[in-house]
Amino acid sequence: MKKILIAILSAVTIFAPMQVAKANDERVVAIIDTAIDSSKFPSVIYEACFTDNKSCLNKTNFMEGKGSANSPVWAVSVNFSHPIYHGLKMVTASNITNSNIKIVFVRIANVTSTGGTINSGASLSKAMDWVSKNASKYSIDAVSVSQSRVNWTTCPTDLVISNAIKSLQTQNIPTFIATGNDRLKDKVGFPACVDGATGVGAMTLDGSMLQAVTNSGPGLDVVAVGDIRKALNNTYDITGTSVATAVAATKYVGQSSLFDQFISGLTKFLTYPFIR
């Protein structure tokens, strides 16, 4: 078992108490996801891009600076259903949760000439490493990773991601990661299973229960509402552990309590396995 649900550990501290950074009174969350057109989102203050197929806008595998997380091709999609728009949905969820939030967005999507996309595990590792090394520079208070894979029977060892999470912890920056939407009750996806990650599950809109899709095995640490209805001029809905992760990270950086107090306040589920 990676770790027991944080909310029940009143006498044991897994993480050192974390106080939100208050550089210039800004609240900044780093969102690692597909891509974003920051010209439409003033909340995005900085960007970076990591790919495997040289599809960053400078036609290499790395780019940083304003506009670098944009996609060279945006697939035509009804109600933004194409995977390339996943990052747009996460930024929207963050903005709806806190209209004053600032975002550092890191793109990890390989985009093809026809607009196809796949998120790269290698790029995710590089993105996590970049965020951990640049967190102080951009006043990052929390990290949101709405990516999950269950290709492995046990949590793989990814030293880059593990070391990045540890480095962020030493800077008092928690890493919120989606547990995944595979309806599994015995495990969570990677990288939520990595030690030190705060695995996030999705609650229903009324907060009464877990969404059925939520992976709820060991490594699920907190839950947040994973349902934002009719976002962005009623053009799409956002549901699942992805949006719950963006919501949890944004709620965290929007307040000033200690990390363990914040975690305890997020969940009403008191033991593992969860009472359903």
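For the structure, check the block above.
Residues numbered from 1 in each chain as written. Predicted model: local features only at pLDDT ≥ 70, side-chain atom pairs only at ≥ 80, totals over all residues. Heavy atoms only, no water.

**Q** Whenever I open this one, the overall build of the protein chain confuses me. Can you help?
**A** Each helix and strand in the protein chain was counted, giving six helices and 12 strands. In the protein chain, which comprises 276 residues, the share counted as buried stands at 55%. Within the protein chain, residue pairs in contact and separated by at least 24 positions form 72% of the contacts whose partners lie at least 6 positions apart. For the protein chain, the exposed surface amounts to about 11800 Å²; the carbon and sulfur share of it is 54%. (Helix = DSSP H or I, 4+ residues; strand = E, 2+ residues; numbered from the N terminus. Buried < 20%, exposed > 50% of the residue type's maximum accessible area, 1.4 Å probe, protein only. Contact = heavy atoms within 4.5 Å. Areas by Shrake-Rupley, 256 points an atom, 1.4 Å probe, with all protein chains shown as cover.)

**Q** Explanation requested: unusual backbone geometry in the structure shown.
**A** Leaving glycine aside, a negative phi is the common case for residues, and trans is the common case for peptide bonds. The omega torsion across Phe-190 and Pro-191 is 10 degrees, close enough to zero to call that bond cis. The backbone of Lys-54 shows a phi angle near 55 degrees, a positive value even though the residue is not glycine. Its location among the elements puts Lys-54 in the loop between strand 2 (44-50) and strand 3 (62-64). Of note, the phi angle at Lys-59 is positive, near 65 degrees, even though the residue is not glycine. Residue position: Lys-59 is located in the loop between strand 2 and strand 3. Taking the relative accessible area as the measure of exposure, Lys-59 reaches 69% and is therefore exposed.

**Q** Quick question: what am I supposed to make of the nonpolar core here?
**A** Where a protein is soluble and globular, its nonpolar side chains tend to be buried together. Judged by nonpolar contacts, the single largest core of 37 residues is most densely connected at Val-91, Ile-103, Phe-105 and Phe-176. Every element with two or more residues in this core is listed here: strand 1 (28-33), helix 1 (86-97), strand 4 (102-107), strand 5 (109-111), strand 9 (198-203), strand 10 (220-225), helix 5 (241-253) and helix 6 (259-266). Considering each element in turn, this core owes the most residues, eight residues, to helix 5. Setting aside anything within four residues of it in sequence, one finds Phe-105 in contact with Ile-31, Asp-33, Thr-34, Ala-35, Ile-36, Val-44, Tyr-46, Glu-47, Ala-48, Ala-69, Gly-87 and Val-91. With 35 residues, the next largest nonpolar core counts Ala-30, Val-145, Ile-173 and Val-223 among its residues. (Core = buried A, V, L, I, M, F, W, Y, C linked by side-chain atoms within 4.5 Å.)

**Q** Hey, could you run me through helix 1 in this one?
**A** Think of an α-helix as turning once every 3.6 residues; residues three or four places apart then point the same way. Given a rise of 1.5 Å per residue, 12 residues ought to cover 16 Å, and the 17 Å separating the end C-alpha atoms of helix 1 matches this to within 8%. Summarising burial for helix 1: nine of the 12 residues are buried, a large majority. For helix 1, the full list of buried residues reads Gly-87, Leu-88, Lys-89, Met-90, Val-91, Thr-92, Ala-93, Ser-94 and Asn-95. (Expected span 1.5 Å × (residues − 1).)

**Q** It is not clear to me how the packing of aromatic side chains should be interpreted in this structure. Could you clarify?
**A** In this description, a pair of aromatic rings is defined by centroid distance and the angle of the planes. Enumeration according to the criterion identifies seven aromatic pairs in this entry. For the ring pair Phe-176 and Tyr-252, a centre distance of 6.0 Å and an interplane angle of 45 degrees mean the geometry is tilted. Taken together, the positions of Phe-176 in strand 8 (residues 175-178) and Tyr-252 in helix 5 put the pair 76 residues apart, joining distant regions of the chain. Looking at Phe-176, the relative accessible area reads 0%, which means it is buried. Of the residues examined, Tyr-252 reaches a relative accessible area of 0% and is grouped as buried. Connected via pairs of aromatic rings, a cluster forms that spans Tyr-46, Trp-130 and Tyr-138. (Phe/Tyr/Trp six-rings, centres within 6.5 Å; stacked < 30°, edge-to-face > 60°.)

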